[in-house]
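Residues per chain are reported as follows:
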Amino acid sequence: MKRNSDQPSLFDFGVKKIKNNEETETSNNINDAKKYELLKNPWTPPKNYQFPIEQQRRLKFQFDWLIRFPWLVYSEKVQGALCKCCVLFANNSVGKGIHQKLGALIIKPFTKWKDAIERFNRHSNSAYHKLSIIRSEEFIKVMENKKNNIANEIDISLKKQVIENRTILRTIIETLILCGKQNIALRGNNDSGKIYDESIETNDGNFRSLLRFKSLTDPILDKHLKNATSFASYTSLNVQNKIITICVDETQDVSRLEQMSFCVRYVDGVSNCIMEDFLEFSIVHDMTGKGLSTSILQLLEKFGLEKKFLVGQGYGGAASMSGQFNGVQQYIREAVPHALYVHCASHSLNLAVGSSCKIVSIRNCIGTVSSVITFFRASSQRTKTLIECINEYVPQSRTKTLIKMCETRWVDRHESLIRFKELYKAIYYALKKLEECSNIETSRTAFLLSISINNSVFIIALHVIEKFFSITLPLSIALQKVNIDLSYCYERVTDVCQIFKEIRENGDDEFKQIFSNVEESMLEGIIEVPRTVGRQTARNNIPSDSPEQYYKRSIFLPFLDHFICQLQDRFTNHHRVMAKLQSLIPNFLKNTTDIKDFQEVALFYKDILPNYETFDAEIKIWLAKWKNVSDRDRPTTSLTTLSAMSYDFFPNIHSLLTIMATLPVTTATAERSFSTLRRLKTYLRNNMGETRLTGLASLNIYRNVDLNVEEIIDRFAMLPRKWDFIL
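Computed from a predicted structure; not experimentally measured.

Participant: Hey, could you run me through the overall build of the protein chain in this one?
Facilitator: Along the protein chain, the regular secondary structure elements total 31 helices and 9 strands. For the protein chain, with 727 residues in total, the buried portion stands at 46%. Carbon and sulfur atoms provide 50% of the accessible area of the protein chain, an area that totals close to 38,800 Å².

Here it is in structure tokens:
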């Protein structure tokens, strides 16, 4: 049959025309409907069609070739033969060589009729032609709804793979988060290779062990761990670090590296709450004041914090940190003059308590308590004996164990001594029982300790310590809170000092009560006074008329006086730092119009105030605002004042009170990070890198923060990677 004149030829649609080294692809412009029509109903010349005759050899196209080769079509327009399948579905190149271009029957018509049969046979047997046949057949099936579209199948398969991969990665991420929040070290002796490898018998760590345990009930994870290649297992150290990074003072750790904990304190402008955030563990090589200060300034720059807004710096009392000439605080102030140094309040309290406890009888009492605690904790049998005695002699007690004394944290010492005094009777009789133990060392040590703790000096010192520590324990706990300012800190210290002063004023009555309690707690013997001589200098030769008077003068009053002096001396600097800023708090406003002190504060912080020029007018309005307000209704801290004022109306005062709230009170946040560090870097796992260490520490410190695993996967998917793992 003769095709319509308006019907384009197959060649017009399918051939890739190459002319003057320029390739124009026309087959890509054919829609699926036209491709289907060209495959199923190509133009076929009628049987009486007169094919053009070649001029030289007088040869022409033979009609029976169309029957012999079903893929063959004839184009009237170009007067040549074409392969309809290869025209529509062949690749850009053929054969083994990547530069072997398509030729006759595909991008140009075949017209050499002498070699037609040979060429058609060779084309039929070619690999690229067979591939085109398969593609055309699959295409027809799809178009006739006999098979799903390959693109859809690929899309469905891809979606399924993505879901499966994300499920696998979700489990891996959740396992990492679990280890981080629970402060569980990840690595073992080996952390590489396939997780399921029977040839490896060494401990490969908690992370890999938890994944194996999870795979017992998770077939998808089990299949992945057993079959994934080493490049796509997503359990390697490198991948762990990347995931941890997405999710997340100085001490020497077990790997002999000096670590500095970098934390920041700031006021949340929305909630008006003070925040303290741990940012990083940083390895420090230069331990001088200059070296440490350089590291701190570099960390500020690393985290994008402008140093001009550094208003306070808090450290312990080490000379390299707090020194006025070569300490960190001095070098920092040279760079940022208004960055005031504040000695950690908790550390100051510890120093005050520690110095007071240097009185001989108090020191010996604490040492004896520590020895008794160590004695019981060193053996399960001794601990069992103690528990039995607690149940028998102190049945009302809820505690059954002794708390070990910490060398640096006096909060622990407070609690340890208070509990020891509570369980004193049970401890004494437990030691008496252990004196009869068959173990010579246990028997001998129990005998010596029982004598020591039934001594008059020990018992009186224990009762005195317990009374004073019960007063300072709430202060020690309060000073470690984040959401307090220096004003609150100094007020609480002042309150404790006032209590001690009142005890001092009523010393006779106070000690009489203590002495009465001691007499009741003596289990054997009576309260005796140590022997004194006129020329003795090695013991307290204090004149007295009774044991009560002797111990009041030798233990109670010296300890109390020393305590009061130490608290006042240790916290003088805190008061000096915040005194002028504190005067802006309504509860401390003076009943005067003199604004000289306020002007000095504003001038000191001039560079970071929003509008220093308007401060004088602003402070006058501030004084007038609170002039007629009763003391009961006046805010007492910087935070309560910030909540009760408007930034728009008092921008400079708001900034100054924010500065006061930001000034550090303690280094408790840094100390807590070190506790995390010690749990993470054990003696068996001490080679942890800085990035990994900081990330795991952050997961543990901020374990109450909910992490969106799907968001972590999305962020992880955006990282450049070499693995064939579609997310």
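Participant: What is the right way to look at the pairing of strand β9 (residues 340-343) in this model?
Facilitator: Successive residues of a regular strand alternate their side chains across the two faces of the sheet. Taking every second residue as pointing to the same face, both faces of β9 are buried, with Leu340 and Val342 on one and Tyr341 and His343 on the other. As defined by bridge partners, strand β8 (residues 312-315) adjoins β9 across 4 bridges and the pair is classed as parallel. In the sheet register, Tyr315 faces β9, and the bridge partner there is His343.

Participant: How should the pattern of salt bridges be read in this particular structure?
Facilitator: Opposite charge on two side chains allows them to pair when their charged atoms are near. Under the definition given, this model contains 18 salt bridges. Two residues, Arg265 and Glu276, come together in a salt bridge whose shortest N-O distance is 2.7 Å. Of the two residues, Arg265 is situated in strand β6 (residues 258-268) and Glu276 in strand β7 (residues 273-283); the sequence distance between them amounts to 11 residues. Taken as a pair, Arg265 and Glu276 share a single burial class, namely buried. In this structure, the salt-bridge partner of Lys421 is Glu466, at a minimum N-O distance of 4.0 Å. A residue pair is termed long-range when its members are at least 10 positions apart, and Lys421 in helix α17 (residues 410-422) and Glu466 in helix α20 (residues 456-479) qualify at 45 residues. Via salt bridges that share partners, Arg166, Arg170 and Glu710 belong to a single interconnected network.

Participant: Any chance you could explain the nonpolar core here in plain terms?
Facilitator: For soluble globular proteins, the rule of thumb is that nonpolar side chains tend to be buried together. Ranked by internal contacts, the top residues of the largest apolar core, which has 105 residues, are Phe376, Phe420, Ile427 and Phe500. Looking at this core, the element that brings in the most residues is α20, giving 12 residues. The next biggest cluster of nonpolar side chains, apart from the first, holds 31 residues, and it includes Ile30, Leu39, Cys83 and Ile140.

Participant: Would you explain helix α24 (residues 572-582) in this entry?
Facilitator: An α-helix turns once per 3.6 residues; consequently, residues spaced three or four apart project the same way. Of the positions making up α24, those classed as buried are His574, Val577, Met578, Leu581 and Gln582. Projected down its long axis, α24 carries its buried residues within an arc of 125 degrees, all on one side. Contact partners of the buried residues in α24: β9, α14 (345-356), α21 (486-505), α23 (547-570), α25 (596-604) and α28 (651-662).

Participant: Just to check I follow, could you spell out the packing of helix α16 (residues 380-393) against helix α18 (residues 424-434) for this structure?
Facilitator: Between two packed helices, the angle of one axis relative to the other and the distance separating the axes together describe the packing. Put simply, α16 and α18 touch, their axes get as near as 8 Å, and they point 130 degrees apart. If you check the angle between α16 and α18, you find them oblique. The handedness of the crossing between α16 and α18 comes out as right-handed. Each of Arg382, Thr385, Leu386, Cys389, Ile390, Glu392 and Tyr393 in α16 lies in contact with α18, whose residues at this interface are Lys425, Ala426, Ile427, Tyr429, Ala430, Lys433 and Leu434. Looking at side-chain class alone, the contact of α16 with α18 contains 9 nonpolar, 1 polar and 4 charged residues.

Participant: How should the pairing of strand β4 (residues 80-83) be read in this particular structure?
Facilitator: Here β4 shows two buried faces, one formed by Gly80 and Leu82 and the other by Ala81 and Cys83. Alignment of strand β3 (residues 72-75) against β4, held across 4 bridges, turns out to be antiparallel. When the sheet's bridge partners are listed, Ser75 is paired in β4 with Gly80.

Participant: Whenever I open this one, helix α11 (residues 289-302) confuses me. Can you help?
Facilitator: For α11, built from 14 residues, the straight-helix expectation of 20 Å at 1.5 Å per residue is met to within 8% by its first-to-last C-alpha distance of 20 Å. Residues Gly289, Gly291, Leu292, Ser293, Ser295, Ile296, Leu299 and Leu300 constitute the buried set of α11. For α11, the secondary structure elements touched by its buried residues are β6, β7, β8, α12 (319-322) and α13 (328-335). At the exit of α11 stands Gly304, carrying a positive phi of roughly 70 degrees.

Cut-offs applied
- Residues numbered from 1 in each chain as written.
- Predicted model: local features only at pLDDT ≥ 70, side-chain atom pairs only at ≥ 80, totals over all residues.
- Heavy atoms only, no water.
- Helix = DSSP H or I, 4+ residues; strand = E, 2+ residues; numbered from the N terminus.
- Buried < 20%, exposed > 50% of the residue type's maximum accessible area, 1.4 Å probe, protein only.
- Areas by Shrake-Rupley, 256 points an atom, 1.4 Å probe, with all protein chains shown as cover.
- Pairing = 2+ DSSP bridges.
- Salt bridge = Lys/Arg side-chain N within 4 Å of Asp/Glu carboxyl O.
- Core = buried A, V, L, I, M, F, W, Y, C linked by side-chain atoms within 4.5 Å.
- Arc of directions from axis to C-beta.
- Contact = heavy atoms within 4.5 Å.
- Axes fitted to C-alpha atoms, helices over the stretch in contact; angles between N-to-C directions.
- Parallel < 35°, antiparallel > 145°, perpendicular 65-115°, else oblique.
- Left-handed = near helix turned anticlockwise from the far one by under 90°.
- Nonpolar A, V, L, I, M, F, W, Y, C, P; charged D, E, K, R; others polar.
- Expected span 1.5 Å × (residues − 1).

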